[in-house]
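Tertiary structure, described
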Amino acid sequence: MSVLGANLRRDLEIHRYPVLVYALVPVASLVLQAWLPRVLGRYAWVDLPLVVTVYFALGRRSPIQGTIMGAVIGLFEDALSQRAIGVNGIAKTVVGFLAASVGIRIDVENHLIRLFLNFLLSLLSSAICIFIYRVLLGLQYDWQWFTELFIAIGNSVVAIILFPLLDRLQMRE
Amino acid sequence: MESLFVRYRNLVVLLVLLVAQMIGLATQVRHSAEGRNTLDPRDQSGVRLIRLWANAVVSPPEEAVHFARMGAIDLWQNYVDLQGVRQQNAELEKTIGRLRLEQAELLQDAEQGQRLQALLGFQEHYIYKTVAAQVYGSGGSAQSHVFYIDKGSADGLRRDMAVVTANGIVGKVRDVFPRSAQVLAINDQTSGAGVILATTRIRGILRGNANGQLEVVGVLADERIKPGEKVLTAGGDLIFPRGLPVGEVAKVVPDPERDAFIDIMVEPAAHLDRLDEVLVITSMEPRFSQQEKQDEATSEALEGAQAAAIEQQQKAAQINAERLPNLIVPNLPPEQQPINESSNPAPMAQPPQPLHPDVFSPPAGTMETGAPAVDEEGRPIAPAAPKKSTPPAVGAAAPRSQPKSSKQRRNP
């Protein structure tokens, strides 16, 4: 029980990063996200800004910070596309909030949980985007369910690789 | 109240951000006259500002990544491909020289075509000025088919300019920043271009579908449409000039929403997923570069030399004609010119009588045509003089060989 308590306390540690990391990692994710389709074509089934949002929200364990980071990254992602600004912003705001809220309660160091969380949150993000386009805005918006599924799988795989790399950027006390 | 806010501050922040973004979204949507909601194609100042910020933050590192990659590729390719470059260069220079002259001739034809079109009141657009640009980034979303190029308003780019490659059309400029521009690819769902099928001449609207594939919509079912048929721009959208290649018909599928209509799936001519260099058509006015004008002048000079040679040949032919006898006499009225002479100048009046008639020769009296003229003693007389006799003019030829032939007949 004492071991569990120690683990619980360790899990509930708040990850801290240098300020530059907060700025550069999201920008790098946006740059790579914009660059990957040029290399992989339409098979770029990954949403790096979403993975980064989930990572920081889980690590910081602060719903407010997760929400704000999700909103900023989502708005920038919208601004780089030709679509309405705010769609990805809302989706990633919700994702950031939920990820941070979940991060308080469960052990997010477990790879399986990270994989599962990324998969679910990616699907949720896609669902929110489609809902906003087709229901809230009433715009014509065609989508393919398998594309969204592949993106969710891609995000999960990328998260498994990326999260340990980003963990190395933490500030150790 | 304060404790409530503190207690639910997470939710409050979430709600505030969500509501703010929803309000922002609502301002970007317009209700069209057809009763459909559409995204406002013109960004408002606030929206444009956010796009500008995002572009300013993301574009520099994106360009750096792109140019680093291109630099590495160029370095490798140039190092490996240097063998035989001199010989290739010499051959290419020869080709360029020949093509310049051909191009100058084509420019003359184009100018003439335009003049004729202007005379006919028919307006046609030609590509006369383009700006080459490098593609360095994309919109980054599976549903967003936009890409960024490294030329902007400082290079003369404006909104709605057509973007093409040597293979075919690519898209149109959607947003312009000082040093970069956002291009909406033709395979985006919000894109649209007027196209025509090359063989069947059927028109339609080209747009992208959810998979990023091209399709021509709004076409009535027609059995003549077959895979492989070329698709060209129709030129009616005032963005793409007419006749540019778009792609080929890949397959024809029935329109899921309308019975009598079909959707034509098009394989794009340009590699939309792997674009590196594109051309932005900045002007369709007839403007020619200095080099083109110089080439045209060279071509005209060459044509002038040819014309001079032809003129010399004509002059020589004229001199030869003056030296030779002709059928036109300057001193005579037209009706008396030898060329108009239809009568026989020396008709054979009478065949000569045989000196020793035999059983085979008919008697002279029985001959009707050209009956022999005999004198009182029955001897044949000389043939009659011609009805019209023209005095031989100086330098004029005698009427053709008829007198000679008649003489030959008279004196066999």
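The shown structure was predicted, so the numbers you read here are calculated from the model rather than taken from an experiment.

Attention shifts here to the overall build of chain A. Counting its secondary structure elements, chain A contains seven helices and zero strands. Each helix and strand of chain A, ordered N terminal to C terminal, gives the series α-α-α-α-α-α-α. For chain A, the share of sequence-separated contacts (at least 6 apart) that also reach a separation of at least 24 residues comes to 68%.

This brings us to the confidence of the model for chain B. Residue and element names in this part refer to chain B. In the predicted model, chain B carries a mean pLDDT of 77, and 71% of its residues have values of at least 70. Here residues 384-412 is a poorly scored stretch, pLDDT under 50, and it has 32 contacts once near neighbours within four places are set aside; other chains count. Interface confidence for the predicted complex, given as ipTM, is 0.88, next to a pTM of 0.64.

This brings us to the pairing of strand β6 (residues 169-176) of chain B. Residue and element names in this part refer to chain B. Counting buried positions along β6 gives eight out of eight residues, so the element sits mostly inside the fold. Direction of pairing for strand β5 (residues 162-164) relative to β6: antiparallel, over a ladder of three bridges. Opposite Val-163, over in β6, you have Gly-171 as the bridge partner. Between the end of β5 and the start of β6, which pair antiparallel, lie four residues. The pairing of β6 with strand β7 (residues 181-185) spans five bridges and is classified as antiparallel. Note that in β7 the partner of Val-176 across the bridge is Ala-181. Connecting the antiparallel pair β6 and β7 is a turn made up of four residues.

Attention now goes to the interface of chain A and chain B. Taken together, the contacts link 38 residues of chain A with 43 residues of chain B. Of all the elements in the fold, those that place two or more residues in the side of chain A that touches chain B are α2 (19-40), α4 (63-80), α5 (87-105) and α7 (145-167) of chain A. Top contributing element to the side of chain A that touches chain B by residue count: α4 of chain A, with nine residues. For the side of chain A that touches chain B, the residue count by class is 22 nonpolar, eleven polar and five charged.

All names here are of chain B. Reading around the barrel, the six strands line up as β3-β4-β7-β6-β5-β14 and close back on themselves, with antiparallel pairing between neighbours. Across the sheet, the mean angle separating the axes of adjacent strands is 45 degrees when strand polarity is ignored. Taken strand by strand, helix α3 (residues 45-80) contacts β3 (129-138), β4 (146-149) and β6, and its axis lies near 90 degrees from that of β3.

Over its 22 residues, α2 of chain A extends 32 Å from the first C-alpha to the last, a length consistent with the 32 Å expected when each residue adds 1.5 Å. At Ala-34 of chain A, α2 of chain A shows its maximal kink, close to 25 degrees; a proline, Pro-37 of chain A, follows between one and four residues later. For α2 of chain A, the full list of buried residues reads Pro-26, Ser-29, Leu-30, Val-31, Gln-33, Ala-34, Trp-35, Pro-37 and Arg-38 of chain A. Buried-residue contacts for α2 of chain A involve α3 (48-60) and α4 of chain A together with α3 and β3 of chain B.

Conventions we followed
- Residues numbered from 1 in each chain as written.
- Chains lettered and ligands numbered in written order.
- Predicted model: local features only at pLDDT ≥ 70, side-chain atom pairs only at ≥ 80, totals over all residues.
- Helix = DSSP H or I, 4+ residues; strand = E, 2+ residues; numbered from the N terminus.
- Contact = placed C-beta atoms within 7 Å.
- pLDDT = per-residue confidence, 0-100.
- Buried ≥ 20, exposed ≤ 12 C-beta atoms within 10 Å, placed from the backbone.
- Pairing = 2+ DSSP bridges.
- Nonpolar A, V, L, I, M, F, W, Y, C, P; charged D, E, K, R; others polar.
- Axes fitted to C-alpha atoms, helices over the stretch in contact; angles between N-to-C directions.
- Expected span 1.5 Å × (residues − 1).
- Bend = angle between axes of the 7 residues up to and from the residue.

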